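Here is how the chains run, residue by residue.
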Amino acid sequence: MTLETVSREPTSTIDWSQPIGFKYRHPRSHIKYIWTKETGWDKGELVRGNHTVTMDIAATALHYGQTCFEGMKAFRMKDGKIRIFRPELNAQRIQESCKAASMEAPPLPVFLDALRRVVEDNLDFVPPQGSNGSMYIRPFVFGSGPQLGLSPAPEFTFIILVNPVGPYYAGGMGSPVKALIAHSLDRAAPHGTGNTKLGGNYAPVFASTSVASAKGFTVNLFLDAATNTHIEEFATSNFAGCKRGADGKTIYVTPRSGSILKGVTNRSCAELASRHLGWNVERREISWDEVKDFDEVVATGTAVVMTPIGEIHREIKRPGKKVKVSADTGATTGAYDWDKDAEEEVGAEVDVQIVKFSKPPTEFRKLYDAVLDLQQGNLPGWQDYGWMWPAEGI
Ligand SMILES: *Cc1c(COP(=O)(O)O)cnc(C)c1O
C-alpha cells in the first residue's frame, strides 16, 4: 500500500473553531504490533481506515484480564513543531504494568518508534496551536492469542490509538467538582496492582462511578484499603493538596503509597512547583483528618492536568444487626437456599463527613498555567526540563 502524503495543517474534516470535546474522531490510522514467542515484536503496521476489526478482536480476546494501557498527549507547540509530553515515563510504566500481568512489554525503542510513526501519520489531527486542544495518545497491550488454560497468552498485541481532544471538563480550573469516598469499594490492595495501569484496576470502578455520578459527584476518591484512614487517589487521577508552610511558602503535598499510580502529571507538577514556583514539596502519608487543613485540593492526570476539588464527601458505614435469614446449620441437608447468605445485615446506616473548599484554587491555578505553558512551549526555559519529546520536534 502506498501511503498518501499527510498534510501538516489541521485537517478541514474537523471544525476546529468549535469545542471538540473528548470523543473519538476517527483519525487516519492506528498502529498495531504483535508479539509471539517465535518472532518477538514485529515491525508494526499502520492500520488505516476501518478500526472495527481490531476493536472486535480486542473486545473478545480470551486474555483473562491481561491488558493494560497508557495515556499521554502530543501538542502543536509555539514553534510549530509537534512534541509529546514525557513519553519515556509512560514507556517505563507500561513495562511495569505488563510485568504485573505476565505480559511481554514493548521495549522502550519500539514504544517510542511506534509513537513517532502514528503521530507522524496523523499530524493533521493534532489541534491548532493556542486552541487548548491536544492529541490524546492511548497505547495498550493485551493478550491476543487463543488461550483457554489459565496461563499467560501465547501472543500479545500492542496498539496505539491517537485522537484529537479538547479540555476534559469544560469548566476547567474555574469550576470545582465534588468527590465521593464511597464506603462500599476498595480500589487497590496493599500488595496488589494499584500502582499499575492494568485493566483490572479500572473495570471495578465503573459501577461506583456511575452511582456517584447519579448523586452529583464527578470523581471517586479512595482511602487505603487496609486501614481506611489515609488518602490514596482518585479513580483515574492522583491526589494533591496545598497549604502554606510556617516559612510562608506554599507546600505541595501528595500521598506516598505503594498502591497508587505513579502519575506523570503529579510528578511533573511537584517538580514544576519546586523549580518554577519555589514551593516546598512533601510526598508522605496524608490522613483523612488532615484533608480539611488543605487550602486547595486537585486531582491530577494527563487528560485533565488538574481538576479542582470543591467538596469531598466521605461515607462511613455504621454497621447494623446481623440477622439469620435461612435455616442453614452449617452441615446442610435438604433444601438450602444457595442464593441467600445465612446472615443478612439490617439497619446499617451511612454517615457522611464533608470537607469543603470555599473558592476555586488560586495557588494550583499558577501551577496549572505553568504546566500548560510548558506543554505549549510558552514557559521561558521549557527546553531545560527536557520533557517535550522529541527535542527537535515532529
Ligand atoms: C492514569 C492514572 C493517573 C494519572 O497518571 P498520569 O500519568 O498523570 O496521567 C492517576 N491515577 C490513576 C489511578 C490512573 O489510572
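Because the structure is predicted, anything quoted here is derived from the model rather than measured.

**Student:** Describe the pattern of salt bridges, and please don't skip the residues or the numbers.
**Tutor:** Oppositely charged side chains can pair when the atoms bearing their charge come close. Applying the stated criterion across every chain, the model contains 19 salt bridges. Linking E96 and K262 is a salt bridge whose minimum nitrogen-to-oxygen distance equals 3.4 Å. Pair noted here: E96 is in helix 2 (residues 87-100) and K262 is in the loop between strand 13 (250-255) and helix 5 (264-275), with a separation of 166 residues, a long-range link. Here the residues in one salt-bridge network are K243, E282, R284 and E290, joined through shared partners.

**Student:** How would you explain helix 6 (residues 363-376) if you had to name every residue and give the values?
**Tutor:** For the α-helix, the turn length of 3.6 residues means that residues three or four positions removed from each other point alike. Helix length check: helix 6 (14 residues) gives 21 Å between terminal C-alpha atoms against 20 Å at 1.5 Å per residue, within 8%. Of all 14 residues that make up helix 6, 10 are buried, and the element is covered over most of its length. Looking only at helix 6, the buried set comprises E363, F364, L367, Y368, A370, V371, L372, L374, Q375 and Q376. Remark: G377 follows helix 6 within two positions and exhibits a positive phi of approximately 80°.

**Student:** Go over the packing of helix 2 against helix 3 (residues 108-120) with me, naming the residues and quoting the values.
**Tutor:** At a minimum axis distance of 10 Å, the contact between helix 2 and helix 3 shows a crossing angle of 130°. One element, helix 2, and the other, helix 3, form an angle in the oblique class. Of the two possible hands of crossing, helix 2 and helix 3 adopt the one that is right-handed. Listed contacts from helix 3 to P87, E88, N90, A91, I94 and Q95 of helix 2 are L108, F111, L112 and L115. Along the lines of polarity and charge, the residues of the contact of helix 2 with helix 3 split into 7 nonpolar, 2 polar and 1 charged.

**Student:** Describe the site of the ligand, listing the residues and the values that go with them.
**Tutor:** Around the ligand, a shell composed of 17 residues is seen, among which K197, Y202, E233, T265 and T302 lie nearest. Contact distances for the ligand include 2.7 Å between an oxygen atom and a side-chain N or O atom of K197. With respect to the ligand, the side chain of T302 contributes an N or O atom lying 2.6 Å from an oxygen atom. For the shell around the ligand, the residue count by class is 5 nonpolar, 8 polar and 4 charged.

**Student:** Can you tell me about the UniProt feature "modified residue: N6-(pyridoxal phosphate)lysine" (unreviewed entry) in the protein chain, naming the residues and giving the values?
**Tutor:** Under the UniProt annotation, "modified residue: N6-(pyridoxal phosphate)lysine" (unreviewed entry) lies at K197. Take K197: it is sitting in the loop between strand 9 (177-181) and helix 4 (203-214). The exposure class assigned to K197 is buried, which follows from its relative accessible area of 13%. Once residues lying within four places of it in the same chain are set aside, the contact partners of K197 are T67, C68, F69, E70, R93, S97, Y202 and L261.

**Student:** So what's going on with helix 2? Which residues, and what values?
**Tutor:** With 14 residues, helix 2 ought to run about 20 Å at 1.5 Å a step, and its terminal C-alpha atoms sit 20 Å apart, in line with that. Three or more residues of helix 2 are buried, namely P87, L89, N90, A91, R93, I94, S97 and C98. Of the residues trailing helix 2, S102 is marked for its positive phi of about 55°.

**Student:** Lay out unusual backbone geometry in plain terms, naming residues and giving numbers.
**Tutor:** Geometrically, the link from W389 to P390 is a cis peptide bond, its omega value of -5° lying close to zero. Relative to the assigned elements, P390 resides in the segment after strand 20 (388-389). Even without being glycine, Y64 reaches a positive phi, approximately 50°. Unusually for a residue other than glycine, N228 sits at a positive phi of about 55°. Residue position: N228 is located in the loop between strand 10 (219-223) and strand 11 (231-234). Judged by relative accessible area, which is 34%, N228 ranks as partly exposed.

**Student:** Which residues make up the environment of A370, and what are the values?
**Tutor:** Its place among the elements puts A370 in helix 6. Sequence-wise, A370 and C269 are 101 residues apart; in three dimensions their C-alpha atoms are separated by 8.8 Å. Sequence-distant contacts of A370, defined by excluding residues within four places in its chain, comprise L272, H276 and L379.

Cut-offs used in this document
- Residues numbered from 1 in each chain as written.
- Predicted model: local features only at pLDDT ≥ 70, side-chain atom pairs only at ≥ 80, totals over all residues.
- Heavy atoms only, no water.
- Salt bridge = Lys/Arg side-chain N within 4 Å of Asp/Glu carboxyl O.
- Helix = DSSP H or I, 4+ residues; strand = E, 2+ residues; numbered from the N terminus.
- Expected span 1.5 Å × (residues − 1).
- Buried < 20%, exposed > 50% of the residue type's maximum accessible area, 1.4 Å probe, protein only.
- Axes fitted to C-alpha atoms, helices over the stretch in contact; angles between N-to-C directions.
- Parallel < 35°, antiparallel > 145°, perpendicular 65-115°, else oblique.
- Left-handed = near helix turned anticlockwise from the far one by under 90°.
- Contact = heavy atoms within 4.5 Å.
- Nonpolar A, V, L, I, M, F, W, Y, C, P; charged D, E, K, R; others polar.
- Near = heavy atom within 4 Å.
- Polar contact = N/O pair within 3.5 Å; in protein donor to acceptor, adjacent residues only side chain to side chain.
- UniProt positions renumbered as here; feature names shortened; annotations may be inferred.

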